[in-house]
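# A closer look at the structure
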Amino acid sequence: MNRLTYIPLWAFTLCSLLLFSSCEENDGVIFSIQDDIRLGQQVSEQVDSTYRAQGKLLERNSTNAKTQQAYQSLDRIVNRVLNSGQVKYRNEFPWTVKIIKDDNTLNAFATPGGHIYVFSGLVKYLEDEDHFAGVLAHEIAHADKRHSVKQLQRDYGIALLLSVALGNDPGTLQTIAAQLAGSLAGLRFSREAETEADNTSVDYLAGTNHYACDGAAGFFIKMQQNAQQSNPPEFLSTHPDPGNRIQNIQQLAQQKGCKTTSAADTDFNQLKNALN
């Protein structure tokens, strides 16, 4: 693993002169948005390939009626969040959401550039569409706030990522994509990133004028109730400390005065039924 212990002056110079924007303007990320999209496409192809080989990826172009219904219902939920008016890179990122058929895994994760993956186990575990929308909003926030790329900067170092961003080392890009594809489901973000994703989920859900803006809190409440199980949900291994997060989300919702009453579970129930 290539790590740098300091940020040399030439890195900031290249960031400004060669990527045509300062690090600050790029949310503290050396990658440009275009490189973020390119990396995300590489990673998503690797993720698709991995789960397709295992027979677990539900293909969007499937002719199976239940699979088609699952994606139609999922897309309606996702699009409410994406069209909230709060997603910064709504028009830049491709924003795809795919289902991994694994009823034993309660998890969801995001790649760079707006590719979201949801395990069927998580869908079947939840009972409330607002809570599920809260999970999706949280993962969309990870992509929209470019947390995955920030994590890559910490893991691989600025010099290496600049080489990839400038297109000087396509082989390295492929290698990083393959490695990240294998570890994304267990990627641990910083406490700051998790807090930002939680807070941003409130803004996204509030903007839908449909979902309870504290939907993510309801999700973490259910997770907390199961935290003492011998096999706690996978999501808790990468999204720890639900107690404080529940309080923070609910307090933020109260401060914003946004809707906290539950929406109908129509689309979520249709999604769950299609996955049975």
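Treat the numbers as computed from the prediction; the structure is a model and nothing was measured.

## Quick word on the side chain of Asp 214
- Its location among the elements puts Asp 214 in the loop between helix H9 (191–208) and helix H10 (215–225).
- Although Asp 214 is buried, it makes no salt bridge; Lys 259 carries the closest opposite charge, 8.4 Å away.
- When neighbours within four sequence positions are excluded, Asp 214 is seen to be in contact with Ile 249, Gln 250, Ala 253 and Thr 260.

## Observations regarding helix H13 (residues 266–274)
- When H13 is considered as a whole, its buried residues turn out to be Asp 267, Phe 268, Leu 271, Lys 272 and Ala 274. Buried residues in H13, looked at end-on, bunch into an arc of 165°, giving them a common side.
- For H13, the secondary structure elements touched by its buried residues are helix H3 (65–82), strand S2 (96–100), helix H4 (120–125) and helix H5 (129–144).

## Quick word on the pairing of S2
- The element S2 is extensively covered by neighbouring structure, given that four of its five residues are classed as buried.
- Where strand S1 (residues 57–58) and S2 come together, two bridges link them in antiparallel fashion. Along S2, the bridge assignment pairs Leu 58 with Ile 99.
- Two elements, S2 and strand S4 (residues 115–119), share five bridges in a ladder whose sense is parallel. Note on S4: the bridge partner recorded for Ile 99 is Val 118.

## Considerations on the nonpolar core
- Formed by 53 residues in total, the largest nonpolar core has its most connected members in Leu 74, Ile 99, Val 118, Leu 126, Phe 132, Ile 140 and Leu 271.
- Those residues in contact with Phe 132, other than ones at most four positions away along the chain, are Leu 74, Ile 77, Val 118, Val 123, Leu 126, Phe 268 and Leu 271.
- Core analysis: the next-biggest nonpolar cluster, separate from the first, contains 13 residues, Val 29, Leu 57, Tyr 117 and Leu 152 among them.

## Brief notes about the pattern of salt bridges
- By the definition in use, this model includes 13 salt bridges.
- For Glu 59, the salt bridge is made with Arg 52, and the minimal N-O distance between the two is 2.5 Å.
- Exposure remark for Glu 59: the relative accessible area of 26% places this residue in the partly exposed category.
- Its salt-bridge partner being Glu 129, residue Arg 80 comes within 3.5 Å of it at the nearest N-O pair. Within this pair, whereas Arg 80 is found in helix H3, its partner Glu 129 is found in helix H5, the two being separated by 49 residues in sequence.
- With a relative accessible area of 25%, Arg 80 lands in the partly exposed category.
- We classify Glu 129 as buried; its relative accessible area is 1%.
- Each of Arg 76, Arg 80, Glu 129 and Asp 267 takes part in one network of salt bridges that share partners.

## A word on unusual backbone geometry
- At Arg 146, a position not held by glycine, the phi torsion is positive, near 65°.
- Considering the arrangement of structural elements, one finds Arg 146 in the loop between H5 and helix H6 (147–156).
- Residue Arg 146 is classed as buried on the basis of its relative accessible area of 1%.
- Of note in this structure, Asn 209 is not a glycine but carries a positive phi near 55°.
- Tracing the backbone through its elements, the reader meets Asn 209 in the loop between H9 and H10.
- Asn 209 sits in the exposed class, given a relative accessible area of 68%.

## Let's talk about the confidence of the model for the protein
- In this model, the protein carries a mean pLDDT of 82, and residues with pLDDT of at least 70 account for 73%.
- Low pLDDT (under 50) marks residues 1–25, which in the prediction has 39 contacts with non-local residues, meaning those over four places away or in another chain.

## Brief notes about the packing of H3 against H13
- At a minimum axis distance of 8 Å, the contact between H3 and H13 shows a crossing angle of 150°. Comparing their axes, H13 and H3 come out roughly antiparallel. Where H3 crosses over H13, the two elements pack in a sense that is left-handed. Of H13, the residues touching H3 (which contributes Lys 66, Gln 69, Ala 70, Ser 73, Leu 74, Arg 76, Ile 77 and Arg 80) are Asp 267, Phe 268, Gln 270, Leu 271, Asn 273 and Ala 274.
- The class makeup of the residues in the contact of H3 with H13 is six nonpolar, four polar and four charged.

Calculation rules
Residues numbered from 1 in each chain as written. Predicted model: local features only at pLDDT ≥ 70, side-chain atom pairs only at ≥ 80, totals over all residues. Heavy atoms only, no water. Helix = DSSP H or I, 4+ residues; strand = E, 2+ residues; numbered from the N terminus. Buried < 20%, exposed > 50% of the residue type's maximum accessible area, 1.4 Å probe, protein only. Lys, Arg positive; Asp, Glu negative; His and termini not counted. Salt bridge = Lys/Arg side-chain N within 4 Å of Asp/Glu carboxyl O. Contact = heavy atoms within 4.5 Å. Arc of directions from axis to C-beta. Pairing = 2+ DSSP bridges. Core = buried A, V, L, I, M, F, W, Y, C linked by side-chain atoms within 4.5 Å. pLDDT = per-residue confidence, 0-100. Axes fitted to C-alpha atoms, helices over the stretch in contact; angles between N-to-C directions. Parallel < 35°, antiparallel > 145°, perpendicular 65-115°, else oblique. Left-handed = near helix turned anticlockwise from the far one by under 90°. Nonpolar A, V, L, I, M, F, W, Y, C, P; charged D, E, K, R; others polar.

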